[in-house]
Each structure stands twice: as C-alpha cells, then as structure tokens.
Amino acid sequence: MAQTHDARLPGIEALRAYAATAIVIFHLIWVGGVAAPPGFQVVPNFFGQGVPLFFAVSAFSLAYGYSARLSTWRDVRRFYVRRFFRIAPLFYAMLLFGLASDHMLLWWALHGVRLPLNLLFLFNLSPIDVDGLVLASWTIGVEMLFYALLPALLPLVRHVWSAAAFVLGSILVAVSYAALLGHAAPPSFIDHGLLFNLPFFAFGLLFARLYDRAPAWMGAPATIAALAGLVALWWIAGARPAWIATGTPGHTVYEALWGLPFGALCLGVALKPTGLISNPVTLTLGRISFSLYLAHPHIVSALKHAGFYSMVQASAGGPWLHFAEAFAGTYAIVVVVALALYRFIESPGIALGGRVLRRMGATPAPALAPAE
C-alpha cells in the first residue's frame, strides 16, 4: 500500500536529535580534548558520521514533503524562500557573533571575498573558504547547494529505479571528484564538498521513494537492517583498513556507503517509529537540532578554555565517569542555549519567511516535511 504525504514523520524528526548528539560527542573528544573511555573508540572514530545522517535525513524529508509540490516556478520560488528563512537567520546571527567575538576572524572576513561568499552561502565552492566563517558551518554550505539543486533533481528521481540510478551516479561522481582533485586541493575541499557528500543525499532520496511503496510492516526490518549495516561498516574499518585507505577510491566508496544504512534507518523510523527513537525528548531535540549544531562548537571551545574538562578529568573517578560528567555538563548548556536560539531566532525567522511569502502572493505550504 502506497504511503501518504499528509502528516509529519516523527521518527524522521527524532533522527536529527541523534545526529546532532553524535556530533556533539565527537567534538567533545576532538575539540574539547576529553578522552574517550577505554573500549569506546567507536565514538572518536565514527560519531562524526552524524553529519552524513543529517544529509540523508534532509534529503528524505524534503523528498517526502515536496513530492509533487515543485511543478511550477511559483512552487520553486516558495521552496527557496522557505529554505532561506529556515537557515539564514540563525546562520547570520552566528556569523555576527563570531565576527564580534573574534577580531582575527573579523579581519580575515573583511579581506577578499570571504564575507560575501558566506552571506550568499557560496563558500563551499571556494577551496580556501569551504569550511565557512561560522564554526562547523561547512555542512550548511553543502545543504544550501543541495537545496538549490533539489527542484531540478526531484523530477529526475520520481521512481525507485531512477533514484537508484542516481545513487550509483552520485557515487561515481564522488569517486571521480576525489580522484581528479587528489593532492591538487586541500583535503577539506574534497571531504567537505557537495560532490563528495552527494551520495548521502542520493540515498535519502532513494529511500524516500521506497517509502512511497513500502507497507508499514517493513519498518522494523528496515531499522534492524540499518543497524546491521552500521555494524558491518564499523567492522570493515577495523578488519580491512587497506580497502578503505585515505586517498584511494575505496575510501570514497566506503564513505559513500554510510548513506545506505542511514537511508534504511530513515525508512524504518518513518514507517514504524519506536518509543526509544521517537519520544517527546528526542522530538524536542530534533526540532532544535539546527541551533544545537551551530551552538555546540562555541560551548565546547569555551568550556575547554575555561578549564572545565581539565577539572573533570582531574577529579575522582574513572574515565567512564569523567566522560559522562563532561558530556552531561556540556550537553545541558548546549540544550539550554539551543532552546533559546530556537525561540528567539529560528522561530521568528521561519515566521518572517511566511510573511514574505504572503506578501509575494504565495500561500505557504503546510509544514509537512520534518525539515521544514
């Protein structure tokens, strides 16, 4: 039985909470300097994959929410306006905060084209500016480019087979992109570029098309298969490192294949969200995940420089307790700040976008997609 597109998908929205939380934990280790507990190396090695999960969720939710809704230029214009006002207000606020609090960043921004590239969300196209002026904002650059392409992509991937072809094509493009640039560009320009990350979006689109045809009972098997796929990718990294060595085509293919279990996870939780995955807490965190994502690097850096992590690791208790205390203290602050940012910047920005659409004579579409 075909699925309808007349309601939000709580399971998909909740996945954003898990993706954002994984990235906070990842940066707690790599930016904050908090030691991962013994036997917990999966965290520093793989929790950064929260970003590809974000990309797969974004593509899945947008394909779900805008299926058959981008058929006219008016629809496309409305889509672009909504995406801009969903992203720009908070991004600009964090950009202003960064420039005001870091004189070196301000000097850097005002020389050359760096500031205009960030204001126009084109920084991902520049080898020296790909990471953006806002901390961790390279993902925003990738997302905005994907949004720009989506109205042209959706008509090409209306069916499962065309979406599957797009997945294969995107992997081929990613491998070619990484191979052609090789050592001719900074590593971040490859890994943080749209073409390298395109397979994650492609898998999201594919599983959105599978959702259109899948019966509800497939939810649990899809989720189980997704978790098994994640374990398999984790095993490959430890058992066959030569297959996926950095700088080889195998590495690019391996990275792209993370989109497969993430896409299957989207399908599983969309069809049958469990209470463990989708509940009031994760739905709230999913709703504020954009604020959580952009706020957390500043908070982790501030706590590190304030000596909080050093104090925790010097206190009584073992490494597991130290890690739990560091995470709990960090996450509590991040969530409070994210709630405030959502309340005072994100929500007003979304409302402003709705007013702009009404003045343009375009009635805002119902907020169906979790990405909306």
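Since the structure is predicted, the reported quantities are computational estimates derived from the model, not experimental observations.

Visitor: Tell me about the environment of P319, and please be specific about residues and values.
Guide: Tracing the chain through its elements places P319 in helix α17 (residues 319-359). Here P319 falls in the partly exposed class, since its relative accessible area comes to 41%. Residues contacting P319, with those up to four places away along its chain left out, are P37 and P38.

Visitor: Lay out the nonpolar core with the relevant residues and their values.
Guide: If you look at the biggest cluster of nonpolar residues, it comprises 114 residues, and the most contacted ones within it are I12, F60, F146 and L292. With sequence-adjacent residues up to four places away left out, F60 is seen in contact with L9, I12, G204, F207, A208, Y211, C266, L267 and A270.

Visitor: With reference to specific residues and values, describe the pattern of salt bridges.
Guide: For the structure on display, the rule yields five salt bridges. In this structure, the salt-bridge partner of R114 is D129, at a minimum N-O distance of 3.0 Å. Highlighted residues: R114 in helix α6 (residues 114-119) and D129 in the loop between α6 and α7 (138-153), separated in sequence by 15 residues.

Visitor: Can you lay out the packing of aromatic side chains for me, pointing to particular residues and giving the numbers?
Guide: Counting across every chain of the model gives 23 aromatic pairs. Between F26 and W30 the ring centres are 6.3 Å apart and the planes differ by 50°, which places this aromatic pair in the tilted class. Here F26 pairs with W30, and both are found in helix α1 (residues 10-30), just four residues apart, close to one helical turn. One aromatic cluster in this structure is built from F84, F85, F91, Y92, F121 and F123.

Visitor: Let's hear about the side chain of H322: which residues, and what values?
Guide: Topologically, H322 is positioned in helix α17. Not counting residues within four places of it along the chain, the set of residues in contact with H322 comprises V312, Q313, S315, A316 and G317.

Visitor: Can you lay out the side chain of H27 for me, pointing to particular residues and giving the numbers?
Guide: Of note, H27 is situated in helix α1. A polar side-chain atom of H27 sits 2.7 Å from a polar atom in the side chain of H296. Beyond its immediate sequence surroundings of up to four residues, H27 is in contact with G32, H296 and V300.

Visitor: Give a detailed account of the packing of α1 against α17, specifying residues and quantitative values.
Guide: Where α1 contacts α17, the two axes come as close as 11 Å, and the packing angle between them is 120°. Judged by the angle between their axes, α1 and α17 are oblique. The hand of the α1/α17 crossing is right-handed. Mapping the contact onto sequence places T21, V24, I25, L28 and I29 in α1 and F323, A326, F327, T330 and Y331 in α17. For the contact of α1 with α17, a count of residues per class yields eight nonpolar, two polar and no charged.

Visitor: Tell me what's going on with unusual backbone geometry, and back it up with residues and numbers.
Guide: Residue F121 is not a glycine yet carries a positive backbone phi of 60°. Residue placement: F121 occurs in the loop between α6 and α7. Its relative accessible area of 5% is what places F121 among the buried residues. Unlike most non-glycine residues, A136 shows phi in positive territory, near 65°. In this fold, A136 is placed in the loop between α6 and α7. The class for A136 is buried, based on a relative accessible area of 18%.

Visitor: Account for a nonpolar patch on the surface, with residues named and values stated.
Guide: A cluster of nonpolar residues, L119, L120, L122 and L125, forms a patch on the protein surface that exposes about 360 Å² of accessible area. Its location among the elements puts L122 in the loop between α6 and α7. Here L122 falls in the partly exposed class, since its relative accessible area comes to 33%.

What counts and how
- Residues numbered from 1 in each chain as written.
- Predicted model: local features only at pLDDT ≥ 70, side-chain atom pairs only at ≥ 80, totals over all residues.
- Heavy atoms only, no water.
- Helix = DSSP H or I, 4+ residues; strand = E, 2+ residues; numbered from the N terminus.
- Buried < 20%, exposed > 50% of the residue type's maximum accessible area, 1.4 Å probe, protein only.
- Contact = heavy atoms within 4.5 Å.
- Core = buried A, V, L, I, M, F, W, Y, C linked by side-chain atoms within 4.5 Å.
- Salt bridge = Lys/Arg side-chain N within 4 Å of Asp/Glu carboxyl O.
- Phe/Tyr/Trp six-rings, centres within 6.5 Å; stacked < 30°, edge-to-face > 60°.
- Polar contact = N/O pair within 3.5 Å; in protein donor to acceptor, adjacent residues only side chain to side chain.
- Axes fitted to C-alpha atoms, helices over the stretch in contact; angles between N-to-C directions.
- Parallel < 35°, antiparallel > 145°, perpendicular 65-115°, else oblique.
- Left-handed = near helix turned anticlockwise from the far one by under 90°.
- Nonpolar A, V, L, I, M, F, W, Y, C, P; charged D, E, K, R; others polar.
- Patch = residues over 30% accessible without salt bridge, like charges linked within 9 Å, V, L, I, M, F, W, Y side chains within 5 Å.
- Areas by Shrake-Rupley, 256 points an atom, 1.4 Å probe, with all protein chains shown as cover.

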